[in-house]
Amino acid sequence: IPHSEVLYEKYKKDIHINNPEDIEGIKNACKLARKILDEAHKIVGIGVTTEEIDRNVHELTLENEAYPSPLNYYSFPKSVCTSINEVVCHGIPDLRPLQEGDVVNVDVTVFLRGYHGDVSETYMVGTVAESSRYLLQTTYDSLWKGIEICKPGVPFHKIGVAIENFVSAKNLNVVRDYAGHGVGKLFHSEPVIPHYAGGQVHGVMKPGNVFTIEPMINQGISDVKIWPDKWTVATADGQRSAQFEHTILITEDGHEVLTKRDSTSLPLGLKEAQFLFKAQSQW
């Protein structure tokens, strides 16, 4: 049980403004999370089990003198979340081999010298159906629609408006039960970041805020169900879901993506819009 988060939820629900020392610590954790996610991506393939991905993430995290944040978090049994096909989030790694046509989200969070860094991506296994590729492309693009509006003075709820407006025009649906969150010294904190319009979240972005944006997008209805393991969240209608996630820092004049991909990251197999990377260099 994360006692620090329990106390935070009970007594103090402010939106934290990180000081320069905190920001440096979070940046280091995010760089490591990105490095480990990229290594996990390298082993995703037909016949590989998510248990193998978990072992890889666990060992790499410890080798870098960090701790895998999900492990034992409210009794979660593994070091990474792996969510296949209809699983929306919080999938528990197991011995099921990945199959041709699967899509799998790998969600890495590490705790490094007092700070968490959080990032996830959904990968295609072999050749996937065009409908799955469309789902992943839309989800990836929707993440950037939310990111590109981030700067001081923007209300947090505008992120959800930008994402849902984009996704609904693509005839897909945003999951409403799970959201982005503040991250840093705590794994989960304020602000809550709904990915849909009309989310009841207050406050505006300020320099020093750090939070995740992580839209979960479904092919079918937005409703979800939780499996008997009490962790795995799946689509209610059995259709596929996808998710992409970055950790964002609000700066004095805009934002910085702390978990951004770099030249060593394997391609996603999607259209990674060039204007996004030009914009990143200016943040």
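Residues numbered from 1 in each chain as written. Predicted model: local features only at pLDDT ≥ 70, side-chain atom pairs only at ≥ 80, totals over all residues. Heavy atoms only, no water.

### Topic: unusual backbone geometry
No. 1: Following Glu 190, the chain continues into Pro 191 via a peptide bond in cis, with omega recorded as 5 degrees.
No. 2: If you trace the backbone, Pro 191 turns up in strand E8 (residues 189-193).
No. 3: We note that Asn 72 has phi near 70 degrees; this positive angle belongs to a residue other than glycine.
No. 4: Tracing the chain through its elements places Asn 72 in the loop between strand E1 (67-68) and strand E2 (81-84).
No. 5: Phi is positive for Asn 85, close to 55 degrees, though the residue is something other than glycine.
No. 6: Positionally, Asn 85 belongs in the loop between E2 and strand E3 (87-89). (Helix = DSSP H or I, 4+ residues; strand = E, 2+ residues; numbered from the N terminus.)

### Topic: the packing of helix H4 (residues 130-147) against helix H5 (residues 157-169)
The axes of two packed helices give the description: the angle between them and the distance between them.
No. 1: As a packed pair, H4 and H5 sit with axes 8 Å apart at the nearest point and diverge in direction by 150 degrees. The hand of the H4/H5 crossing is right-handed. Taken together, the residues of H5 that come into contact with H4 (itself represented by Thr 138, Asp 141, Ser 142, Lys 145 and Gly 146) are Ile 159, Ala 162, Ile 163, Phe 166 and Val 167.
No. 2: Considering only residue class, the contact of H4 with H5 consists of five nonpolar, three polar and two charged. (Axes fitted to C-alpha atoms, helices over the stretch in contact; angles between N-to-C directions. Left-handed = near helix turned anticlockwise from the far one by under 90°. Contact = heavy atoms within 4.5 Å. Nonpolar A, V, L, I, M, F, W, Y, C, P; charged D, E, K, R; others polar.)

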